[in-house]
Amino acid sequence: MVVASLASTTFDLEPSVIGHWLLLLCLTLLGAGCASKQVVVEGTFPAPLLNPLPITMGVIYPSAFAEHEFFDEAKGRAESDWLVRTGEAQVELWDTLLNGMFERVVPMDARPAPEQMNPAVDAVLIPRVDELQYAIPAQTNIKVYEIWMRYAFELVTTQGETIADWTMTAYGKTPTAFLQSDEAAVNLAAVVALRDAGAHFATSFTRVPEVAAWMESLEAPAAVAAAPEEGQEEGP
């Protein structure tokens, strides 16, 4: 029988060789207990169904945002290290969202400053991810993968002065029952969180008090320019 043949081969080996193979087996089992899991978040992000605001918006994606990743080290042998890379998906989402929200979007490389030649934009938006947390079944004892993200946004003038600075949270979850792997479940939770972030931003941007005041200041000169001069009759 094959089993007997394998057994006899094993016992014919020198003790040092047996010890070597036992050591390799132990290391393999140990490594399997705390293997690393990696996710590069991928998904689709529909354009918002909005009438674009009449604004030319500059946008800067800092390297920490465009290359954003989250690492969580395993706390024990039964857990895994997790590395979740969201940077590419972040850029894809915000490119799609901003181009749907504003009349024109201008990518920029660095924060504007007074001594620089700045493009003809009304303002510049700088997003960042301040925090990302996740929960998996090993931590929550519930078959649901969850991701929370806290964003911070700064809207600045073409001279680099702050117009508004605010934060926003996003949340996504997915049940593991519908997916074949932990990585797929975490990816979907991240995609749901990103979509949630886009929906919140689209509906809350104009309600940020400082943003609303800035938009009114943009409209005021246009209204003055459109008004007839004193003594000039309006058209029929």
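See the structure printed just above.
Description of the nonpolar core
So, point 1. Ranked by size, the top nonpolar core spans 52 residues in total, and within it Trp94, Tyr151, Leu155, Trp166, Phe201 and Phe205 carry the most contacts.
So, point 2. Counting residues per element, this core draws most heavily on helix H6 (residues 182–204), which supplies 9 residues.
So, point 3. Residues in contact with tryptophan 166, not counting those within four places in the same chain, are Leu125, Tyr151, Ala152, Phe153, Leu155, Phe201, Phe205, Val208 and Val211.
So, point 4. In this structure, Val106, Met108, Val124 and Val156 belong to the second largest nonpolar core, which totals 7 residues.

Some details on the pattern of salt bridges
So, point 1. Tallied over the full model, the rule gives 5 salt bridges.
So, point 2. A salt bridge links glutamate 154 to arginine 111; the nearest nitrogen and oxygen atoms lie 2.9 Å apart. Taken together, the residues span a long stretch of sequence, with glutamate 154 in strand S7 (residues 144–156) and arginine 111 in the loop between strand S5 (102–108) and strand S6 (123–135) at a distance of 43 residues.
So, point 3. Residue class for glutamate 154 comes out buried when judged on its relative accessible area of 12%.
So, point 4. Residue classification places arginine 111 among the partly exposed positions, given a relative accessible area of 35%.
So, point 5. Among the ionic pairs, glutamate 131 bridges to arginine 150, the shortest N-O distance being 2.7 Å. One end of the pair, glutamate 131, is in strand S6; the other, arginine 150, is in strand S7, with 19 residues separating them in the sequence.

Structural notes on the pairing of S6
So, point 1. Pairing of strand S2 (residues 53–60) with S6 involves 3 bridges; the strand directions are parallel. In the strand pairing of S6, glycine 58 is matched with valine 124.
So, point 2. Here 11 bridges tie S6 to S7, and the two strands are oriented antiparallel to one another. Bridge assignment links arginine 128 to a residue of S7, and that residue is alanine 152.

Criteria and cut-off values
- Residues numbered from 1 in each chain as written.
- Predicted model: local features only at pLDDT ≥ 70, side-chain atom pairs only at ≥ 80, totals over all residues.
- Heavy atoms only, no water.
- Core = buried A, V, L, I, M, F, W, Y, C linked by side-chain atoms within 4.5 Å.
- Buried < 20%, exposed > 50% of the residue type's maximum accessible area, 1.4 Å probe, protein only.
- Helix = DSSP H or I, 4+ residues; strand = E, 2+ residues; numbered from the N terminus.
- Contact = heavy atoms within 4.5 Å.
- Salt bridge = Lys/Arg side-chain N within 4 Å of Asp/Glu carboxyl O.
- Pairing = 2+ DSSP bridges.

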